[in-house]
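Geometric and topological summary
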Amino acid sequence: GMENQTTPSSAHCVVLAYPAQGHLNPLLQFAKRLNHRGVKITLVSTHFFWKSISTKQLSLSSLTIESISDGYDDAGQEGAESLKVYLEKFWEVGPQTLNQLLHKLAESGCPADCVVYDSFLPWALDVAKDNGLVGAPFLTQSCAVNDIYFHAHKGLIKVPLSEEKYLLPGLVELEPCDMPSFISVYGSYPVVWQLVVDTFANIGKADWVLSNSVYELEEEVVDWMMKIWPLRTIGPTVPSMFLDKRLEDDKDYGISMFNPNNETCMKWLNVKPKASVVYVSFGSLAALSEEQMEELAWGLKDSNSHFLWVVRSSEEAKLPKGFVGSSEKALVVSWCPQLEVLSHDAVGCFVTHCGWNSTLEALSLGVPLIAMPQWTDQGTNAKHIVDVWKTGLKPLVDEKGIVRREAIEHCIREIMESERGKEIRNNAVKWRSLARNAVDDGGSSDKNIEEFVAKLKHS
Ligand code: UDP
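Here the structure is a predicted model, which means the values were calculated and not measured.

Per the secondary structure count, the protein includes 16 helices and 13 strands. Relative to the compact-globule value of 23 Å for 459 residues, the protein shows a C-alpha radius of gyration of 22 Å, a close match. Put simply, the protein has 459 residues, and 45% of those count as buried. Contacts in the protein between residues at least 24 apart in sequence constitute 65% of all its contacts with a sequence separation of at least 6.

Glancing now at the sheet that holds strand β11 (residues 347-352). If you trace the six strands from one edge of the open sheet to the other, you get β10-β9-β8-β11-β12-β13, paired in parallel fashion. At either margin of the open sheet sits one strand with a lone partner, and together these are β10 (330-333) and β13 (392-393). Summarising the sheet, strand β8 (residues 277-281) and β11 pair through five bridges and their orientation is parallel. In the strand pairing of β11, Tyr 279 is matched with Phe 350.

On to the environment of Arg 404. Along the polypeptide, Arg 404 turns up in the loop between β13 and α14 (405-417). It is 7.3 Å that separates the C-alpha atoms of Arg 404 and Leu 296, two residues lying 108 residues apart in sequence. Each residue touching Arg 404, except ones within four places of it in the same chain, is listed here: Glu 295 and Asp 398.

With that out of the way, let us pick up the site of the ligand. Neighbouring the ligand are 19 residues; Gly 22, Gly 283, Gly 355, Asn 357 and Ser 358 lie closest to it. Looking at the shell around the ligand, the elements that each hand over two or more residues are α1 (21-36), α11 (338-343) and α12 (356-365). Element by element, the count of residues in the shell around the ligand is highest for α12, at four residues. Residues of the shell around the ligand, tallied by class, amount to seven nonpolar, 11 polar and one charged.

Turning next to the environment of Lys 129. Following the sequence through the fold, Lys 129 ends up in helix α4 (residues 123-130). With 182 residues separating them along the chain, Lys 129 and Val 311 place their C-alpha atoms 43 Å apart. Filtering out sequence-adjacent residues up to four positions away, Lys 129 remains in contact with Gly 135 and Lys 205.

A separate point is the packing of helix α3 (residues 83-107) against α4. Working note: a packed helix pair is described by the angle between its axes plus the distance between those axes. Remark: α3 packs on α4, axes separated minimally by 10 Å, with the N-to-C direction vectors making an angle of 30°. As the angle between them shows, α3 and α4 are arranged roughly parallel. Note that α3 runs across α4; the crossing there is right-handed. Contact with α3, carried on its side by Trp 91, Gly 94, Pro 95, Leu 98 and Asn 99, involves Trp 123, Ala 124, Asp 126 and Val 127 of α4 and no other residues of that element. Looking at the contact of α3 with α4 residue by residue, the classes come out as six nonpolar, two polar and one charged.

When you tally the buried positions in strand β5 (residues 134-139), you get six out of six residues, the bulk of the element. Of the two faces of β5, the one holding Val 134, Ala 136 and Phe 138 and the one holding Gly 135, Pro 137 and Leu 139 are both buried throughout. Relative to β5, strand β4 (residues 114-118) runs parallel, the two sharing five bridges. Bridge pairing links Val 115 to Gly 135 in β5.

Attention now goes to helix α5 (residues 143-153). The buried count for α5 comes to nine of 11 residues, which makes it a mostly enclosed element. Considered for burial, the residues of α5 that qualify are Cys 143, Ala 144, Val 145, Asn 146, Asp 147, Ile 148, Tyr 149, Phe 150 and Ala 152. Buried residues belonging to α5 abut β5, α6 (181-184), α7 (190-198), β6 (209-211), α8 (219-228) and α13 (378-388). Count one or two residues on from α5 and you reach Gly 155, which has phi positive near 80°.

Moving on to the sheet that holds β4. Here seven strands make up an open sheet; going across it, the order is β3-β2-β1-β4-β5-β6-β7 and the pairing parallel. Each of the sheet's edge strands pairs with one partner strand only, and the pair in question is β3 (64-68) and β7 (231-233). Strand-to-strand twist in this sheet, taken as the mean axis angle between neighbours without regard to direction, amounts to 25°. With five bridges connecting them, strand β1 (residues 12-16) and strand β2 (residues 40-46) associate as parallel partners. If you follow Val 15 over to β2, its bridge partner there is Leu 43. Sheet strands touched by α3: β1, β2 and β3. Its angle to β3, the strand with the most contacts, is close to 140°.

Moving on to the packing of α14 against helix α15 (residues 419-439). Between α14 and α15, the shortest axis-to-axis distance is 6 Å and the interhelical angle comes to 70°. Accordingly, the angle class assigned to the pair α14 and α15 is roughly perpendicular. Handedness of the α14/α15 crossing: right-handed. In contact with Glu 414, Ile 415, Met 416 and Glu 417 of α14, α15 contributes Arg 420, Gly 421 and Ile 424. Within the contact of α14 with α15, the residues separate by chemical class into three nonpolar, one polar and three charged.

Next up on the list: the confidence of the model for the protein. When pLDDT is averaged along the protein, the result is 93; 94% of the residues meet or exceed 70. Segment residues 1-8: pLDDT under 50, and six contacts once partners within four positions in sequence are set aside and those in other chains are kept. Here the predicted complex scores 0.95 on pTM and 0.99 on ipTM.

Now for the pairing of β2. Summarising burial for β2: six of the seven residues are buried, a large majority. When β2 meets β3, the two strands line up parallel, connected through five bridges. Bridging across to β3, Thr 42 finds its partner in Thr 64.

Further remarks concern unusual backbone geometry. Among all residues save glycine, negative phi is the norm, and among peptide bonds the norm is trans. Residue Val 159 is joined to Pro 160 through a cis peptide bond whose omega torsion reads -5°. Relative to the helices and strands, Pro 160 resides in the loop between α5 and α6. With an omega dihedral of 0°, the bond running from Gly 235 to Pro 236 counts as a cis peptide bond. Structurally, the position occupied by Pro 236 is in the loop between β7 and α9 (262-270). Backbone geometry places Ala 275, a non-glycine residue, at a positive phi of 50°.

Cut-off values and rules
Residues numbered from 1 in each chain as written. Predicted model: local features only at pLDDT ≥ 70, side-chain atom pairs only at ≥ 80, totals over all residues. Helix = DSSP H or I, 4+ residues; strand = E, 2+ residues; numbered from the N terminus. Rg over C-alpha atoms; globule rule 2.2 N^0.38 Å. Buried ≥ 20, exposed ≤ 12 C-beta atoms within 10 Å, placed from the backbone. Contact = placed C-beta atoms within 7 Å. Pairing = 2+ DSSP bridges. Near = placed C-beta within 6 Å. Nonpolar A, V, L, I, M, F, W, Y, C, P; charged D, E, K, R; others polar. Axes fitted to C-alpha atoms, helices over the stretch in contact; angles between N-to-C directions. Parallel < 35°, antiparallel > 145°, perpendicular 65-115°, else oblique. Left-handed = near helix turned anticlockwise from the far one by under 90°. pLDDT = per-residue confidence, 0-100.

Below, the structure written as structure tokens:
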């Protein structure tokens, strides 16, 4: 390549994120860890996505931000009449604009060596290979979930689901309710279903398959996957400042689509007793039914614990009338600094939708969980939380698909007060150190990142 004579040659990685909070977070954190090892990073997402994030946050010390187009530069996905139409346009314009970006970088004297891309955007691998670059999909969801999608891709899991039990390599026995929702309710989300299954269409060309998971969390399935792909686990992608060892250059901990009420939350938490608060959040996308929202509200109140509840502004109207302000034990905010909250001593458990980032964050910070999965991979994550890692409970879901207030209250009391809760809390502490060790010097993920960087520099 065109070597710069004045500086020692260092590898240059383009890191491409699908435009969503739960996808940007892990790719950004991985990019920072590469950067820490001397890899130059160009972090890429769509024009609209970057525009929708306050520019202050984009002044990330040593990463360069660039964009490609999804064909909807003014409105993003909202601008398209459906997700299907959006993705079709993105699949047409995305590869062209990524290709242009790679050419621009080469012409500027700083060519990319590698494209690490969100596995939801598999065309990026074709673009990388056409340009003679190393190509590495980044799986933003668990290996278990990808195991299921891979088997569906191979036609080995039939939809709609017809079996009572599913036994896949490296996984515990799964019931239909433990399967990703795109499969169990196939027909409702055929477009997203196609998206996740297409992850595997060209994966055979990949130089690496990177996974935001931790070897110790999913040993058997990782071992199995490593036999078919050059898979490496690199997680948890939690910013180093929340782990045991902070990287010197890790100052800003993330990019947020919403404005967190940092001060309000931390001030409120600071005066609460140790492990006395229930933290409640369903992530950046999930929408609860009004009925579920009401049951949750009263379940939290009836638990008699303090609770910090994130209700995004798009969900606010579903809160029962008069609920906000009706309890001195409650703080309801529209977004919070989740990692700071989960790290706080006052937090005793986390009522979660089991998004993969939230799951990994809670595991890494040692917080017990109450699993209320809503859709996509969350049911599979919940199954692992409850039956494999044993760091949480899943309240009963009734025949209407609603978790009733009594079930929520019961789980909170179990985790916060009971003997069984003690076991769960101890397990949470155990996984906390395993997850931290993985990214610490010489840990499983640390070694994998080192190997990836070393090979990059020599390719
Ligand atoms: N998050 C946050 N503040 C909140 C709620 C969520 O910072 O009030 C962050 C959380 O730490 C996580 C991400 O948003 O990194 C949500 O990702 P996840 O995979 O859990 O769920 P998704 O939003 O993709 O459904």
